[in-house]
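Here are the chains, one letter per residue:
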Amino acid sequence: KEAARNLARLGASPIERLLSVLHDSEDSDERVRILQVISEVGTPSIPAILARISQNAPWYVLRNLAYILGRVGGEAQAKELIPLLLHENQKVQTEALKSLQRTGGKVRTETLLSVLPRADDPFKLQIVEMLGIIKGAGAIPALLELLQSPKSVMTAALKADLDVKICNALGSICSEEALPALIEISKSKGFFTVGPYPEKVRNAAHKAVVAITPQKV
């Protein structure tokens with residue numbers, strides 16, 4: 001621990017060596033200590049971290065790098081998280097998403113929207129949920145288009161889950177721009193009580209309408 005404090009005081013000098021140890025270490029306690037040291041060094045460690053992200057590193061290394069970047073980076077590094085958001089490993093994706101939430105600032109919404117069309121289907125749900133958490137008003141047109149689009153290669157169950165997430169996000173953002181579509185979906189009915197949207201999607205749309213205009217519903 002004392003050595004770690006001394007290393008942190010040295011600034012960027014030991015970062016390359018620490019990252020190499022992080023890459024090779026099989027000791028979880030050691031990895032945690034290294035992550036702490038690099039986090040204490042702060043912004044001077046960013047260039048070395050970014051250089052490692054660009055390499056073909058194992059997924060568990062990339063997850064750690066995403067974690068560190070979420071503690072030392074800022075808006076300027078948001079675009080560097082895009083390859084990690086699109087990584088094939090779900091744990092890497094999730095850690096990168098957390099880091100973007102922490103450090104992305106004003107560019108979080110546009111970064112997520114740039115990733116959304118290319119993301120794998122299960123991760124789309126997490127991206128949409130994050131857009132609601134950060135109240136990304138700029139995402140409303142894209143979310144409405146995704147919600148109302150009949151074309152999808154997803155399974156029906158996954159599409160329903162995604163539509164629920166979209167309705168929840170629109171309700172969190174609280175923009176009246178989304179009201180017409182949400183009202184239409186919440187009241188949609190089909191023949192033999194089978195509507196174009198599953199019941200849980202209609203219920204989510206209704207809750208979103210209530211969240212946006214509680215005094216009128």
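Quick caveat: nothing in here was measured; it's all calculated off a predicted structure.

Analysis parameters
Residues numbered from 1 in each chain as written. Predicted model: local features only at pLDDT ≥ 70, side-chain atom pairs only at ≥ 80, totals over all residues. Heavy atoms only, no water. Helix = DSSP H or I, 4+ residues; strand = E, 2+ residues; numbered from the N terminus. Buried < 20%, exposed > 50% of the residue type's maximum accessible area, 1.4 Å probe, protein only. Contact = heavy atoms within 4.5 Å. Areas by Shrake-Rupley, 256 points an atom, 1.4 Å probe, with all protein chains shown as cover. Lys, Arg positive; Asp, Glu negative; His and termini not counted. Charge placed at Lys NZ, Arg CZ, Asp CG, Glu CD. Axes fitted to C-alpha atoms, helices over the stretch in contact; angles between N-to-C directions. Parallel < 35°, antiparallel > 145°, perpendicular 65-115°, else oblique. Left-handed = near helix turned anticlockwise from the far one by under 90°. Nonpolar A, V, L, I, M, F, W, Y, C, P; charged D, E, K, R; others polar. Core = buried A, V, L, I, M, F, W, Y, C linked by side-chain atoms within 4.5 Å. 1 Å grid on protein atoms, 1.4 Å probe; cavity = no way out; pocket = protein on both sides within 12 Å on 5 of 7 lines; lining within 4 Å. Points joined across faces, edges and corners; volume = space filled by probe spheres on them. pLDDT = per-residue confidence, 0-100. Phe/Tyr/Trp six-rings, centres within 6.5 Å; stacked < 30°, edge-to-face > 60°. Lys NZ or Arg CZ within 6 Å of the ring centre and 35° of its normal. Salt bridge = Lys/Arg side-chain N within 4 Å of Asp/Glu carboxyl O.

Student: Sorry if this is basic, but what is going on with the overall build of the protein chain here?
Tutor: For the protein chain, the count of helices and strands is 13 helices and zero strands. Seen through its principal axes, the protein chain has C-alpha atoms that stretch 70 × 35 × 25 Å. Taking all 217 residues of the protein chain together, 46% fall into the buried category. Considering only contacts in the protein chain between residues 6 or more positions apart, those separated by 24 or more positions represent 63%. Working note: accessible area of the protein chain is about 11700 Å², and carbon and sulfur atoms make up 53% of it. Across the protein chain, the centroid of the 27 positively charged side chains sits 4 Å from that of the 23 negatively charged ones.

Student: Explain the packing of helix α12 (residues 179-186) against helix α13 (residues 199-212) to me, please; I cannot follow it from the model alone.
Tutor: Geometrically, a packed helix pair is captured by the angle between its two axes and the distance between the axes. The contact between α12 and α13 brings their axes to 8 Å, and the two run at 140°. Taken together, α12 and α13 sit at an angle that is classed as oblique. Seen along the crossing, α12 lies across α13 with a hand that is left-handed. Where α12 abuts α13, its residues L179, L182, I183, I185 and S186 lie against V201, R202, A205, H206, A208, V209 and I212. Within the contact of α12 with α13, the residues separate by chemical class into nine nonpolar, two polar and one charged.

Student: Where do I start with the nonpolar core in this structure?
Tutor: Across soluble globular proteins, you tend to see nonpolar side chains buried next to one another. Core analysis: the biggest nonpolar cluster contains 69 residues, and I68, L143, L170 and L182 have the highest contact counts within it. If one sorts the elements of this core by residue count, helix α11 (residues 156-173) sits on top with eight residues. If near-sequence neighbours (up to four positions away) are discounted, L170 is found in contact with I140, L143, L144, L147, S175, A178, L182 and I212.

Student: I would appreciate a short explanation of the layout of surface pockets in the present structure.
Tutor: In this approach a probe as big as a water molecule rolls over the atoms, and the regions it shows empty are the leftover space. If you add up the space inside the largest pocket, you get close to 280 Å³. Lining the largest pocket we find 15 residues, and of these L116, P117, K124, A142 and L146 sit closest to its centre. Mapped onto the lining of the largest pocket, the elements with two or more residues apiece are α9 (121-133), α10 (140-148) and α11. Of all the elements, α10 adds the most residues to the lining of the largest pocket, at three residues. Tallied by class, the residues present in the lining of the largest pocket amount to eight nonpolar, two polar and five charged.

Student: How do you make sense of the confidence of the model for the protein chain when you look at a structure like this?
Tutor: Low pLDDT means the predicted atomic positions in that stretch should not be read closely. Looking at the protein chain, pLDDT values average 89 and 93% of them are 70 or higher. A low-confidence stretch, residues 190-194 (pLDDT under 50), is modelled with two contacts involving residues beyond four sequence positions or located in other chains.

Student: What is the right way to look at the side chain of K159 in this model?
Tutor: By secondary structure assignment, the location of K159 is in helix α11. By relative accessible area, which is 14% here, K159 ends up buried.

Student: Would you mind showing me how to read the packing of aromatic side chains here?
Tutor: Remark: the centre distance and the inter-plane angle together describe each pair of aromatic rings, the angle taken between the planes. Applying the stated rule across the entire model yields one aromatic pair. Between W59 and Y60, the aromatic rings sit 5.9 Å apart at their centres with planes inclined by 85°, giving edge-to-face as the arrangement. One residue, R71, lies across the ring of Y67, its end atom 3.7 Å from the ring centre.

Student: Whenever I open this one, the pattern of salt bridges confuses me. Can you help?
Tutor: Where charged atoms of side chains with opposite charge meet at close range, the side chains can pair. Within this structure, the stated rule accounts for five salt bridges. A salt bridge links D121 to K124, with the nearest nitrogen and oxygen atoms 3.7 Å apart. Remark: K124 and D121 occur in helix α9; sequence separation between them is three residues, near one turn of the helix. A residue is classified by how much of its surface remains accessible, and K124, at 10% relative accessible area, is buried. Measuring nitrogen to oxygen at the nearest pair gives 3.5 Å for the salt bridge that ties K165 to E129. Taken together, the positions of K165 in helix α11 and E129 in helix α9 put the pair 36 residues apart, joining distant regions of the chain. Judged by relative accessible area, which is 25%, K165 ranks as partly exposed. Classification of E129 as partly exposed rests on a relative accessible area of 38%.

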